[in-house]
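# Structural overview
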Amino acid sequence: MLTGRWARALLTVAVVVAVFAGVLPRIADYSAAWDLVRAMTGAEVVAVAGIALVNLFSYAPLWMAAMPGLTLGRAVMSDQASTAVSNTVPAGFAFGVGTNAAMYHSFGFSAAEITRAVALTGVWNNLVKLGMPAFALGGVALLGDVDSGLGIAAAVGSAVLVAVVGLLLLAVTHERATRLLAGAAERLAGWAAPLVRRSAPTGWPERAERFRAGSEDLVRARWPHLTAAAVASHTALFLVLLTCLRAVGGGAELSWVELLAVFSITRLVTLVPVTPGALGVAELSYVAGLTAAGVGATAAAGTVLLFRFLTWFLPIPVGAVAFVLWRRGVGVPR
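Read on for an overview of the structure. Everything quoted here is computed from the prediction, not taken from an experiment. (Residues numbered from 1 in each chain as written. Predicted model: local features only at pLDDT ≥ 70, side-chain atom pairs only at ≥ 80, totals over all residues. Heavy atoms only, no water.)

### Examining unusual backbone geometry
At Ala278, a residue that is not glycine, the phi angle is positive and equals roughly 60 degrees. Looking at the secondary structure, you find Ala278 in the loop between helix 11 (256-269) and helix 12 (281-292). Classification of Ala278 by relative accessible area gives buried; the value is 9%. (Helix = DSSP H or I, 4+ residues; strand = E, 2+ residues; numbered from the N terminus. Buried < 20%, exposed > 50% of the residue type's maximum accessible area, 1.4 Å probe, protein only.)

Here it is, written out as structure tokens:
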């Protein structure tokens, strides 16, 4: 019988093979897509490389906002190392968080500070992930030439997502809301626990309230920094996709709002990481979204493969270097 680790590895292989060897070649020719990438001008290459470099370092300020006293260099080093782990290991998100925790502990931060920072960066990151589709779909409905069906879908989707964002904000700012939401989550987890042969959880409302109370002063003082840093990080990633699309030469008629809708929906699709770094899942969602929006299949494939090279593959060697530097004591107090 396959263990959880082997099952996840097998699932990753199955998804990657199915997408890259089965589905995408039926949509577009890889050789033709690569020809479009190779045809980029020198100025386009510089533009794509520049925004990709900005994106590499864009998540570090969110860690700095959630962990007072953290320097930019240490934040970048930890973020790059954890991203490399997340993008390569099955269930990589959990191992990535563990990498963050180990590195921040070596930098002198307490377990409580690290736990709080992990939770706050996660909450703010997901707030933006949930809020961007509402903004994008609303923009498409208001500014684009869309049919009534898309307009209704945009309105309903925006309302649902705004409600979820509101609930998350309540959960980190109000005691009663924290206890109610944690209690509801505990009951849901208790219902699902027997299905996965786990014991029902207990004490979630109390633990959630202790976390909220311990984080209240930090959230009140730094919520603008947290919000700005989270929005900037997602914006940088979106700009990489936009720059790749324009440089590859596809989607000239596609507005940035329409592209933002494709980007935001894919970010929701990959909210639960089925594979490391959503490998395969993200590519298929982006290509499907772009072609549905009117981009040619070859241009869509070229755009997405370039985008994912810069945002999924590139952080792996960069993160490996960061990890080696950390293991050699760089950034660790003497």
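That covers the picture; the talk isn't over yet.
### Re helix 13 (residues 297-313)
With 17 residues, helix 13 should cover 24 Å at 1.5 Å per step; its first-to-last C-alpha distance of 22 Å lies within 8% of that length. Counted residue by residue, helix 13 has twelve buried out of 17 residues, so it is predominantly covered. Residues of helix 13 that are buried include every one of Ala299, Ala300, Ala301, Gly302, Thr303, Val304, Leu306, Phe307, Arg308, Leu310, Thr311 and Trp312, and no others. Looking at the buried residues of helix 13, the elements they touch are helix 2 (30-38), helix 3 (42-56), helix 10 (204-248), helix 12 and helix 14 (315-327). (Expected span 1.5 Å × (residues − 1). Contact = heavy atoms within 4.5 Å.)

### Describing the nonpolar core
Counting 70 residues, the largest nonpolar core has Tyr104, Trp124, Leu259, Phe263, Tyr286, Leu290 and Leu306 as its most contacted members. When residues in this core are grouped by element, the largest group, 14 residues, is from helix 10. When sequence neighbours within four positions are dropped, the list of residues in contact with Tyr104 reads Trp63, Met67, Leu70, Arg74, Ala75, Ser78, Phe109 and Ile114. (Core = buried A, V, L, I, M, F, W, Y, C linked by side-chain atoms within 4.5 Å.)

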